[in-house]
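# Survey of secondary and tertiary structure
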Amino acid sequence: MTTEPDLPTPNESDPLPDLETDSRFPSGPWVGYFLQSEIPPGRHPMELHLTFRHGVVTGEGRDFVGEFLIRGRYQVEDGKCWWTKRFIGKHDVTYQGYNEGKGIWGNWDIPPSWRGGFYIWPEAMGDPTRRTLHESIDEPVDKVIVSEIPAEVGVGA
């Protein structure tokens, strides 16, 4: 388990914070889901607002459990990410994952025995889990060809 070092607190008076420029880590709205086999089992949506700055990820969000705060780290070198999701007035959940350019995927854990997978992505990217048709074309029909099979060439002949 990765322990979280002391992280700098963002200064609200910073005029233009140095946000991450790596396109895999855009600050702003993110969406996604986590999977769990415990009650209630299934795929549960999450809404997040994340800020990526100097290897530190912070943010807030909500899911069916409630509102939460995010505080952790990320590495542009290998895309590795880890953070704590702290439910306000409730429990903490640790997350570890990777960003390979299509969002962040990995595992969450609530010791001693609750764990599952997750996948989040920038909202502007659209849902990468849905199959979409990128391009299609309806070709015009120029001629209708009518073909008749001669009676003497029947099936089984």
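First things first, this report covers the structure right here in the doc. (Residues numbered from 1 in each chain as written. Predicted model: local features only at pLDDT ≥ 70, side-chain atom pairs only at ≥ 80, totals over all residues. Heavy atoms only, no water.)

All chains considered together, the criterion is met by 6 salt bridges. Notably, a salt bridge pairs Asp22 with Arg24, separated by 2.9 Å at the nearest N-O pair. (Salt bridge = Lys/Arg side-chain N within 4 Å of Asp/Glu carboxyl O.)

Further remarks concern the side chain of Arg24. Secondary-structure assignment places Arg24 in the segment before β1 (28-36). Within the local environment of Arg24, its side chain forms a polar contact with the backbone oxygen of Val76, the two atoms lying 2.4 Å apart. Excluding its chain neighbours within four sequence positions, the residues that come into contact with Arg24 are Trp30, Val76, Asp78, Gly79, Asn99, Glu100 and Gly101. (Helix = DSSP H or I, 4+ residues; strand = E, 2+ residues; numbered from the N terminus. Polar contact = N/O pair within 3.5 Å; in protein donor to acceptor, adjacent residues only side chain to side chain. Contact = heavy atoms within 4.5 Å.)

A separate point is the pairing of strand β2 (residues 42-53). Two strands pair when backbone bridges link them, and β1 and β2 are joined in this way by 9 bridges, in the antiparallel orientation. By the bridge assignment, Phe34 is partnered in β2 with His44. Here β2 runs beside strand β3 (residues 56-63); their pairing, made up of 7 bridges, is antiparallel. When the sheet's bridge partners are listed, Glu47 is paired in β3 with Arg62. (Pairing = 2+ DSSP bridges.)

Along the chain, Thr58 turns up in strand β3. Under the relative-accessibility criterion, Thr58 is labelled buried at 15%. As a C-alpha pair, Thr58 and Ser27 span 31 residues in sequence and 9.5 Å in three-dimensional space. (Buried < 20%, exposed > 50% of the residue type's maximum accessible area, 1.4 Å probe, protein only.)

The next point concerns the pairing of strand β7 (residues 104-110). Looking at chain direction, strand β6 (residues 92-99) and β7 are connected through 6 bridges and run antiparallel. When the sheet's bridge partners are listed, Asn99 is paired in β7 with Ile104. Of the strand pairs in this sheet, β7 and strand β8 (residues 114-122) are connected by 7 bridges, and their pairing is antiparallel. Each bridged residue has a counterpart across the sheet, and for Ile110 the counterpart in β8 is Trp114.

The biggest cluster of nonpolar side chains holds 20 residues, and the ones touching the most others in it are Trp83, Ile104 and Ile120. Contributions of two or more residues to this core are made by β1, β2, β4 (66-74), β5 (80-87), β6, β7 and β8. When residues of this core are assigned to their parent elements, the largest contribution, 4 residues, is made by β2. Excluding its chain neighbours within four sequence positions, the residues that come into contact with Ile120 are Trp30, Val31, Gly32, Tyr33, Met46, Leu48, Leu50, Trp83, Gly103 and Ile104. (Core = buried A, V, L, I, M, F, W, Y, C linked by side-chain atoms within 4.5 Å.)

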